[in-house]
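# A structural walkthrough
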Amino acid sequence: MTEFFQTLLIPFQYEYMVRAMWVSALIGGTCGFLSSFVTLKGWSLMGDALSHAVVPGVAVAYILGLPFSLGAFVAGLLAAGAMAFIKAKSRIREDATIGIVFTFINVVTGAIWARPIWNTWWTWDPRLVTATIMELIYIAYMMLRQGIDDPDRRARFSAVYGIVGFISVPITFASIRIFRTIHPVVVGSSDPTALGAFDMNAEMRVAFFFSLFTFTLIYITLLWYRLRLQQQKEKIEERKLRALST
Amino acid sequence: MMFQEGPADTLNYMIAGYAVILGTIGLYIVSLIMRFRSLRQDDVLLDEIEAEQA
């Protein structure tokens, strides 16, 4: 039994461990106090999101050779600012519904394209899987918004989820460049010395840019009408409240 | 050259792709129109209620 306790006390023989214990105790006490305040204010989800948002900041600090705390602080500050901005200012919901429509088109027409080219409707390819996950994240965002009645909580939770869910977008874009995949890299070929490139030829480039232009116009038009619809809905809600109160 | 086959016939797939694109965007536009109409009906109803209250 004595040996067991002696084993437990071994870390305290090292000065750096004793310093780490003191720092952990002080930080734990401070964070515990702040966490109680944050939880009572209903910001506990914000705290969870921020604690994960600082991780990329730490990674960037490591790559650049900077102190980890600096990277974490900057990343946390940016994430908190982005969440506050989205909660207060952005019309992300209207944007997201059009995103669901376009991503659905992307996944389904991708399968239609794949059938004659790859001889299969679906394959567990990184690009296909990440695009489908991105679509499901969009749909979950809409379901989250539908499920919360309180407007302030809804805006806060949506902002946090929107920030975290957005990470799926660069992952989907970069998936064909990071992983070994059957999907061609047509925008900026990965290896110019590779035998048989999948770069776009001149006709493909014309079709691609024309389609990009067309779908951008469609997106802007749909977004404009969706925003108008939302503004009408908010005016009607205000009038209903006024009519009920009189 | 004698045994070279032409490109694959993908006309059906192209039609299916256009059908998905136009169908999905069409459905979304129809849903927007229906929601606009519903809001307009609410607007008319609220005008009547406000007229009665005035």
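Predicted, not measured: the structure shown is a model, and the values here were computed from it.

## Remarks on the nonpolar core
By size, the foremost hydrophobic cluster in this structure holds 15 residues, and its most contacted members are Ile98, Ile105, Leu222 and Leu229 of chain A together with Tyr28 and Leu32 of chain B. Considering every element that reaches this core, the biggest residue donor is helix H1 (residues 11-53) of chain B, with seven residues. If we ignore the near neighbours within four places in the chain, the residues touching tyrosine 28 of chain B are Thr97, Ile98, Val101, Leu222 and Arg226 of chain A together with Arg35 of chain B. Within the second largest apolar cluster, five residues are counted, among which are Ala53, Ala79, Ala159 and Val160 of chain A.

## Re the confidence of the model for chain A
The predicted model of chain A averages 80 in pLDDT, with 84% of residues at 70 or higher. The least confident element of chain A, judged by mean pLDDT, is helix H3 (residues 44-64) of chain A at 74; the most confident is helix H9 (residues 202-245) of chain A at 88.

## Some points on the interface of chain B and chain A
Listed as interface residues are 21 residues of chain B and, on the opposing side, 26 residues of chain A. Joining chain B to chain A, the criterion identifies four salt bridges. Two residues, aspartate 47 of chain B and arginine 239 of chain A, come together in a salt bridge whose shortest N-O distance is 2.6 Å. For the interface between chain B and chain A, the tally reads five residue pairs in polar contact (both at pLDDT 80 or more). Residues of the side of chain B that touches chain A, tallied by class, amount to 12 nonpolar, four polar and five charged.

## Here's the deal with the packing of H9 of chain A against H1 of chain B
In the contact formed by H9 of chain A and H1 of chain B, the axes pass within 10 Å of each other and the chain directions differ by 25 degrees. Classified by the angle between their axes, H9 of chain A and H1 of chain B sit roughly parallel to one another. Where H9 of chain A crosses over H1 of chain B, the two elements pack in a sense that is left-handed. Of the residues assigned to the contact of H9 of chain A with H1 of chain B, the class counts are 16 nonpolar, two polar and 10 charged.

## Quick notes on helix H6 (residues 126-147) of chain A
All names here are of chain A. Here H6 spans 31 Å end to end across 22 residues, near enough to the 32 Å set by a 1.5 Å rise per residue. Listed as buried for H6 are Arg127, Leu128, Thr130, Ala131, Met134, Glu135, Tyr141, Met142 and Arg145. For H6, the N-terminal cap is aspartate 125; the gap from its side-chain oxygen to the backbone nitrogen of arginine 127 is 3.1 Å.

About the cut-offs
- Residues numbered from 1 in each chain as written.
- Chains lettered and ligands numbered in written order.
- Predicted model: local features only at pLDDT ≥ 70, side-chain atom pairs only at ≥ 80, totals over all residues.
- Heavy atoms only, no water.
- Core = buried A, V, L, I, M, F, W, Y, C linked by side-chain atoms within 4.5 Å.
- Buried < 20%, exposed > 50% of the residue type's maximum accessible area, 1.4 Å probe, protein only.
- Helix = DSSP H or I, 4+ residues; strand = E, 2+ residues; numbered from the N terminus.
- Contact = heavy atoms within 4.5 Å.
- pLDDT = per-residue confidence, 0-100.
- Salt bridge = Lys/Arg side-chain N within 4 Å of Asp/Glu carboxyl O.
- Polar contact = N/O pair within 3.5 Å; in protein donor to acceptor, adjacent residues only side chain to side chain.
- Nonpolar A, V, L, I, M, F, W, Y, C, P; charged D, E, K, R; others polar.
- Axes fitted to C-alpha atoms, helices over the stretch in contact; angles between N-to-C directions.
- Parallel < 35°, antiparallel > 145°, perpendicular 65-115°, else oblique.
- Left-handed = near helix turned anticlockwise from the far one by under 90°.
- Expected span 1.5 Å × (residues − 1).

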